Amino acid sequence: MTLTLLHTAEVHRAAFDGLRDRIAPGVHLDHIVRPDFLERARNGIDPALAEEIAAAITAAPGPVICTCTTIGPVAACAGAIRVDAPMMQAAAWTRGAVLMVYCLDSTRAPSLGLLQDAMREAGHSGPVIPLSLTNLWPLFAEGQTKDFADALARAIRQKAAQIPDLGAIVLAQVSMAGAAGLLGDLDLAVLSSPDLALRAGLARL
């Protein structure tokens, strides 16, 4: 069976193929890349866009992972796996404060809502501390992925040092995953979504 991934950035195709090669070689991934979905969704998702997203998901032959956090709630309503859902569930089982980092304003509400729901179900009282790094998004948009990851890691490290009892850092967007490896020396959970989401999708095959 095929696992379909709905992306809003072309760069995620290679990233998920690399993950697949590492954890499930031989599994076929079908990539749908629709950057227009994100552009249209950044000021809100209207009914026409919601219908297009749902149509792309229902037309897929098997399970679908939506790798865009902005359109994630709509995609989930159409039956897709939200790329950030397994990560938020993992964060909910940590201890202490949770720092949720995001780089698009349109990501904040869906990511925060999902994290708070997961923590409530797990009995985790938090607190959750959102950190906006929207000023860094142009680096990713311009294809400067290494500079993007480096800048994220520096800003996150600075903020983390100011938070007592910090137990986890959540990198809310797939595009931010490159920063995780740069924060591995911190004595807490640094969570990114691609690996956990792909494993969740493979479990449905």
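Structure shown above.
Residues numbered from 1 in each chain as written. Predicted model: local features only at pLDDT ≥ 70, side-chain atom pairs only at ≥ 80, totals over all residues. Heavy atoms only, no water.

### Things to note about the packing of aromatic side chains
Piece 1. Applying the stated criterion across every chain, the model contains three aromatic pairs.
Piece 2. With 6.3 Å between their ring centres and 85° between their planes, W137 and F148 make a pair best called edge-to-face. Of this pair, W137 sits in helix α7 (residues 137–141) while F148 sits in helix α8 (residues 145–160), placing them 11 residues apart in sequence. In terms of burial, W137 and F148 fall into one category: buried.
Piece 3. Ring centres of F140 and F148 lie 5.5 Å apart, and the angle between their planes is 50°; on these two criteria the pair is classed as tilted. Exposure class is identical for F140 and F148. Each is buried. (Phe/Tyr/Trp six-rings, centres within 6.5 Å; stacked < 30°, edge-to-face > 60°. Helix = DSSP H or I, 4+ residues; strand = E, 2+ residues; numbered from the N terminus. Buried < 20%, exposed > 50% of the residue type's maximum accessible area, 1.4 Å probe, protein only.)

### A few points about the nonpolar core
Piece 1. Residues L152, I156 and I169 are the most contacted members of the largest nonpolar core, which totals 41 residues.
Piece 2. Residue assignment for this core shows that the elements contributing at least two residues are α2 (35–41), α3 (47–58), β3 (64–66), β5 (97–102), α7, α8 and β7 (166–171).
Piece 3. Among the elements that line this core, the one with the most residues is α8, at six residues. (Core = buried A, V, L, I, M, F, W, Y, C linked by side-chain atoms within 4.5 Å.)

### Points about the side chain of T94
Piece 1. Structurally, the position occupied by T94 is in the loop between α5 (85–92) and β5.
Piece 2. Given the relative accessible area of 17%, T94 is considered buried.
Piece 3. A distance of 2.7 Å separates a polar side-chain atom of T94 from the backbone oxygen of A91.
Piece 4. Dropping the residues within four chain positions of it, T94 is found in contact with H124, G167, A168 and A189. (Polar contact = N/O pair within 3.5 Å; in protein donor to acceptor, adjacent residues only side chain to side chain. Contact = heavy atoms within 4.5 Å.)

### With respect to the sheet that holds β3
Piece 1. The four strands are arranged β2-β1-β3-β4 in an open sheet whose pairing can be described as parallel. Edge positions in the open sheet fall to β2 (29–33) and β4 (81–82), since each of these has one partner strand only.
Piece 2. Bridge analysis of strand β1 (residues 3–7) against β2 gives five bridges, and the strand direction is parallel. Paired with H7 across the two strands is V33, which belongs to β2.
Piece 3. Across the face of the sheet, helix α1 (residues 11–23) comes into contact with β1 and β2 while running at roughly 165° to β2. (Pairing = 2+ DSSP bridges. Axes fitted to C-alpha atoms, helices over the stretch in contact; angles between N-to-C directions.)

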